[in-house]
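A structural walkthrough
Chain residues, written in single-letter form:
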Amino acid sequence: FCIAWPCSGSQVLQSAVTPDGTLRVEVADYATLTKFELWSTPTAGGMRKKIGGPVAADYDVSEFVLSADGSRVAYRQGRTATGEWALYSGLTSGPGAVIISQPMAPGGAVMPGLKLLSGDRVRYQADAESDEQYLYWVTSVTGGRILREIYSDGFNDGTTGGWR
């Protein structure tokens, strides 16, 4: 735990500004060194807020994508020691988050490489059954129906593809 805010020696792993330019969203270890969480800060200055829910002691946030309007963020949160990661969604304005990836078997994980597609859909790769079958999935940044990708156009830009 840090006495001064932010922690001396804090690291920012990823940073992005919302499309409207009002917030900066970051994966950083501001509160506790080497415990990476998701934060938002007004670009004009002001109080930094933690995004999402509580992050367990040995868990981290590793990456995120912003929704097209910047109001939501989809992010990977998990446990590096076991390799178990899930996909979450939260508001960029503050706390509260929901899991938007499918249930995972023990050892299952959402892999690095999130991509925001058109229509605020998030494309991610997961080994949901912990059987080393890494399939691509698509869901809304707000959660809901999860579709398995059956083909893509090869350019990974989300303009064409098939899901079921």
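Position numbers for residues start from 1 in each chain and track the written sequence from start to end. Given that this is a predicted model, residues contribute local features only at a pLDDT of at least 70 and side-chain atom pairs are listed and counted only at 80 or more, while totals for whole chains, interfaces and linings are drawn from all residues. Each side-chain value is derived from all of the structure's non-hydrogen atoms; neither hydrogens nor water enter the calculation.

Strand order in the open sheet formed by four strands is E1-E2-E3-E4, with antiparallel pairing between adjacent strands. Bordering the open sheet on either side are strand E1 (12-17) and strand E4 (49-51), each of which pairs with just one other strand. Strand-to-strand, the axes of this sheet are offset by a mean angle of 30 degrees, without reference to chain direction. By this definition, two strands are paired if DSSP reports at least two bridges between them. To qualify as a helix, a DSSP run of H or I must reach at least 4 residues; to qualify as a strand, a run of E must reach at least 2; elements of each kind are numbered from the N terminus. Alignment of strand E3 (residues 37-42) against E4, held across three bridges, turns out to be antiparallel. For Leu-38, the partnering residue across the bridge sits in E4 and is Ile-51. Here the axes come from fitting lines to C-alpha atoms, over the contacting stretch only for helices, and the angles between their N-to-C directions go from 0 to 180 degrees.

A few words now on the packing of aromatic side chains. Centres within 6.5 Å make a pair out of two Phe, Tyr or Trp rings, where for Trp the six-membered ring is used; the pair is then stacked when the planes are under 30 degrees apart, edge-to-face when over 60, and tilted otherwise. Counted under the stated rule, the structure contains two aromatic pairs. On the numbers, 5.9 Å between centres and 70 degrees between planes, the contact of Tyr-30 with Trp-39 is edge-to-face. Of the two residues, Tyr-30 and Trp-39, both sit in the buried class. Each ring, one from Tyr-75 and one from Tyr-88, has its centre 5.6 Å from the other, and the planes form 15 degrees; the classification is stacked. With Tyr-75 in strand E6 (residues 72-79) and Tyr-88 in strand E7 (residues 84-91), this residue pair connects regions lying 13 residues apart in the sequence. In this scheme, a residue with accessible area under 20% of its type's maximum is buried, one over 50% is exposed, and one in between is partly exposed, where area comes from a 1.4 Å probe on protein chains only. On the basis of relative accessible area, Tyr-75 is assigned to the buried category, the value being 1%. Of note, Arg-76 hangs over the ring of Trp-85, and the distance from its end group to the ring centre comes to 4.3 Å. Over a ring means this: the NZ of a Lys or the CZ of an Arg is within 6 Å of the ring centre and within 35 degrees of the ring normal. We note Arg-123 situated over the ring of Tyr-136; from NZ or CZ to the ring centre the distance is 3.8 Å.

All right, on to unusual backbone geometry then. Here the phi dihedral of Asp-120 falls at roughly 60 degrees; this positive angle occurs in a residue that is not glycine. Position of Asp-120 relative to the elements: it lies in the loop between strand E10 (115-117) and strand E11 (121-127).

Before going further, it helps to examine the environment of Leu-117. Tracing the backbone through its elements, the reader meets Leu-117 in strand E10. On the basis of relative accessibility, which here comes to 6%, the residue Leu-117 falls in the buried class. Put simply, Leu-117 and Thr-139 are 22 residues apart on the chain and 9.7 Å apart in space, counted from C-alpha to C-alpha.

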